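Next come the chains, spelled out residue by residue.
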Amino acid sequence: MRLLQALGIEQPIIQAPMAGVSSPALAAAVSNAGGLGSIGVGSTDAEGARKMIAAVRERGLRPLNVNVFCHEPAKPDRSIESAWLDYLRPHFAKFNTKPPLALKEVYRSFLNDDAMLAALLADKPQVVSFHFGLPSSERIRALREAGIVLLATATSIAEGRAAAKAGVHAVVAQGYEAGGHRGVFDPDAADDRLGTLALTRILVHELDVPVIASGGIMDGAGIAAVLRLGASAAQLGTAFVVCPESDADAGYSDAMAGDAANHTVITRAISGRPARCLRNWFTLLGAGVSSRQIPAYPIAYDAGKALNAAAKAAHEGGYGPQWAGQGAPLARALPAAELVAVLARELAQHA
Ligand SMILES: Cc1cc2nc3c(=O)[nH]c(=O)nc-3n(C[C@H](O)[C@H](O)[C@H](O)COP(=O)(O)O)c2cc1C
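Because the structure is a prediction, the values reported are computed rather than measured. (Residues numbered from 1 in each chain as written. Predicted model: local features only at pLDDT ≥ 70, side-chain atom pairs only at ≥ 80, totals over all residues. Heavy atoms only, no water.)

## Things to note about the overall build of the chain
The test is simple: Secondary structure elements follow DSSP: runs of H or I of four or more residues count as helices, runs of E of two or more count as strands, with numbering from the N terminus. The globule rule is 2.2 Å times the number of residues to the power 0.38, and the radius of gyration it is compared with is taken over C-alpha atoms. Summary of the burial criterion: residues with accessible area below 20% of their type's maximum are buried, those above 50% are exposed, and those between are partly exposed, where the area comes from a 1.4 Å probe applied to protein chains only. Whether two residues touch is decided by their heavy atoms; if any such pair falls within 4.5 Å, the residues are in contact. All accessibility values rest on the Shrake-Rupley procedure with a 1.4 Å probe; residue burial counts only the protein chains present in the view. For the purpose of charge, His is not counted, nor are the chain termini; Lys and Arg are scored as positive and Asp and Glu as negative. Positions of charges follow a simple convention, taking NZ of Lys, CZ of Arg, CG of Asp or CD of Glu.
Counting its regular elements, the chain contains 14 helices and eleven strands. Relative to the compact-globule value of 20 Å for 351 residues, the chain shows a C-alpha radius of gyration of 19 Å, a close match. Along the first, second and third principal axes, the C-alpha set of the chain runs to 55 × 45 × 40 Å. Here the chain holds 351 residues, and 56% of them are scored as buried. Counting only contacts in the chain whose residues sit at least 6 apart along the sequence, the fraction spanning at least 24 positions is 69%. For the chain, the exposed surface amounts to about 14,400 Å²; the carbon and sulfur share of it is 52%. Computed over 32 positive and 32 negative side-chain charges, the separation of the two mean positions in the chain equals 1 Å.

## Regarding the confidence of the model for the chain
Put simply, the rule reads: Every residue is assigned a pLDDT by the predictor, reflecting its confidence on a scale from 0 to 100.
In this model, the chain carries a mean pLDDT of 97, and residues with pLDDT of at least 70 account for 100%. By mean pLDDT, helix α12 (residues 281-286) is the weakest element of the chain at 96, and strand β6 (residues 170-174) is the strongest at 99.

## Some details on the packing of aromatic side chains
Note the threshold: Only centres within 6.5 Å qualify two rings of Phe, Tyr or Trp (six-membered ring in Trp) as a pair; their planes then separate them into stacked at under 30 degrees, edge-to-face at over 60, and tilted for everything else.
The final tally for this structure, using the stated rule, is ten aromatic pairs. Where Phe 69 meets Tyr 107, the ring centres are 6.2 Å apart and the plane angle is 45°; that geometry is what we call tilted. Note that Phe 69 is positioned in strand β3 (residues 64-69) and Tyr 107 in the loop between α4 (78-94) and α5 (114-123), a separation of 38 residues in sequence. Accessibility classification places Phe 69 together with Tyr 107 in one group, the buried group. Ring geometry for Phe 110 against Phe 130: centres 6.2 Å apart, planes inclined by 20°, an arrangement best described as stacked. Highlighted residues: Phe 110 in the loop between α4 and α5 and Phe 130 in strand β4 (residues 127-131), separated in sequence by 20 residues.

## What about the sheet that holds strand β5 (residues 149-154)?
The strands making up a sheet associate through backbone hydrogen bonding, with each pair oriented either parallel or antiparallel. Quick reminder of the rule: Should DSSP find at least two bridges between two strands, the strands are regarded as paired. For helices, the fitted line uses only the C-alpha atoms of the stretch in contact; every axis is such a line through C-alpha atoms, and the angle between N-to-C directions lies from 0 to 180 degrees.
Strand order in this open sheet of eight strands is β1-β9-β8-β6-β5-β4-β3-β2, and the pairing throughout is parallel. The sheet terminates laterally at β1 (13-15) and β2 (37-40), the two strands that pair on one side only. Across the sheet, the mean angle separating the axes of adjacent strands is 25° when strand polarity is ignored. Of the strand pairs in this sheet, β6 and strand β8 (residues 211-214) are connected by four bridges, and their pairing is parallel. Pairing of Val 172 across the sheet is with Ile 212, part of β8. Together, β2 and β3 form the strand contacts of helix α3 (residues 46-57), whose direction differs from that of β2 by roughly 160°.

## As for the site of the ligand
We count it as follows: Whether a residue is near a molecule or strand is decided by its heavy atoms; if any one of them lies within 4 Å of it, the residue is near. Polar contact is defined as a pair of N or O atoms within 3.5 Å, subject to the rule that within protein one atom must be able to donate a hydrogen and the other to accept it, and that residues adjacent in sequence are counted only when both atoms are side-chain atoms. We call Asp, Glu, Lys and Arg charged. Ala, Val, Leu, Ile, Met, Phe, Trp, Tyr, Cys and Pro are nonpolar, and the rest, Gly among them, are polar.
Residues in close proximity to the ligand total 22 residues, the closest being Pro 17, Asn 67, Gly 216, Gly 237 and Thr 238. Contact distances for the ligand include 3.0 Å between an oxygen atom and a side-chain N or O atom of Ser 214. Taking Gly 237, its main chain carries an N or O atom lying 2.9 Å from an oxygen atom of the ligand. Coverage of the ligand by the protein amounts to 98% of the 590 Å² it exposes when considered alone. At the level of secondary structure, the elements contributing two or more residues to the shell around the ligand comprise β3 and β9 (233-236). Residues that form the shell around the ligand fall into these classes: ten nonpolar, twelve polar and no charged.

## Overview of the pairing of β5
Where we set the bar: Note on handedness: a clockwise path from strand one over the helix to strand two, with the strands aimed away from the viewer, defines a right-handed crossover.
Counting buried residues along β5, six of its six residues qualify, which places the element largely inside the surrounding structure. Note that β4 and β5 share four bridges and pair parallel. Bridging across to β5, Val 128 finds its partner in Leu 150. Running through helix α6 (residues 137-145), the crossover from β4 to the neighbouring parallel element β5 is right-handed. On the question of chirality, the crossover connecting β5 to the parallel β6 by way of helix α7 (residues 157-166) is right-handed.

## Description of empty space enclosed by the protein
The condition that has to hold: Throughout, the protein atoms alone are placed on a 1 Å grid, and a set of points is a cavity if a 1.4 Å probe fits but cannot get out or a pocket if it is open with protein on both sides within 12 Å along at least five of seven lines; lining residues have an atom within 4 Å of a point. Grid points are joined across faces, edges and corners, and a volume is the space filled by probe spheres set on the points.
Going through the model one piece at a time under the given rule, you end up with one cavity of 30 Å³ or more. Reported here for the largest cavity is a volume of approximately 30 Å³. What lines the largest cavity is simply Val 41, Gly 42, Thr 44, Val 68, Phe 69, Arg 108, Phe 110, Asp 113 and Met 116. The class makeup of the residues in the lining of the largest cavity is five nonpolar, two polar and two charged.

## Some remarks on α4
What counts here: For a helix, the expected span equals 1.5 Å multiplied by the number of residues minus one. Note that the bend at a residue is defined as the angle between axes fitted to the seven residues ending at it and the seven residues starting at it.
Given a rise of 1.5 Å per residue, 17 residues ought to cover 24 Å, and the 25 Å separating the end C-alpha atoms of α4 matches this to within 8%. Of all the bends in α4, the greatest, near 40°, is centred on Leu 88, and the proline Pro 90 appears no more than four residues after it. Of the residues making up α4, those classed as buried are Glu 81, Trp 84, Leu 85, Leu 88, His 91 and Phe 92. Close packing links the buried residues of α4 with α12 and α13 (299-313). Positive backbone phi, at 55°, marks Asn 96, one or two positions downstream of α4.

## Some points on the layout of surface pockets
The rolling of a water-molecule-sized probe over the atoms marks out the regions of remaining empty space. Within this model, the second largest pocket holds a volume of roughly 480 Å³. Taken together, 21 residues line the second largest pocket, and the ones lying closest to its centre are Pro 187, Asp 188, Arg 268, Ala 296 and Tyr 297. Tallied by class, the residues present in the lining of the second largest pocket amount to nine nonpolar, three polar and nine charged.

What follows is the structure, encoded as structure tokens:
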């Protein structure tokens, strides 16, 4: 399969779906510039997803990737949750607040979200992508039959094989360098932490479907490098976080522009799943905490969001989910269309 043709794009550049950060304006700007713009709807419901899709389409009718979270629904454990809230209590106290009394599962998994499936089948974005796992074969069949191109994140050979076998059209090889949540299917299983270079090359050898490389790719030289490894396209997240169209807040943008960009950390403390974040107050409080102390994803995220909100109300921006990959120091704060044009130019120079 010729991936770019299937995706309907001119450049082998995918702006990563970034729930909470990749706004419709960002996705539309990237798609209108010849790349593939993406929105992450893992943090909203079907109604929210439809509004976001409509907001992209108002800005042009180019291809769009809509990304859903396919995590196993959380198993609540009240004793872990209340011990975690006790652990966070002194941090809330710094902002004269108390932790919530109980935690909720803040995001619904696509695995059991029938309304989200119906919304996708009705709106038919060109591309749908899966993170944290794979939906049932029935859901994959329904989306395929609607003519939607399917992508899935894989962080290992086993996940790549499972995705290809399940019927996705291409696999996103997410290396350990990548910003944001690792797409690991099971956050409690052993993680080989393969880097982008090795994982991309291995999946290109292993799979019969195209591979999209992702993790630490920040410029045309990086895109050219992964294309040379056999990838059909590159998916960049951190590079787009600093675009003016992104929904990153001021604390996040300031941190990206400062020394924190040189020190990304994988933490589970913010959401309950491992994710790469700029070093900040939240990653520091999570250092040394055992993963068994942290509630399941996305229950832990309820506490993480409450602590961030309390901190922000007191003008402290350092408790946010400031996801970023190891290439963060290379980020350029350009309007998204300009960034795509620069990436394409650099790619041509390195091809
Ligand atoms: C702020 C941010 C949010 C992210 N959210 C998502 C998401 O909602 N869904 C998803 O599939 N990947 C998400 N990712 C991971 C990206 O898809 C991609 O793997 C990663 O950005 C690649 O590494 P890079 O950031 O070094 O370019 C996110 C990444 C970042 C930086």
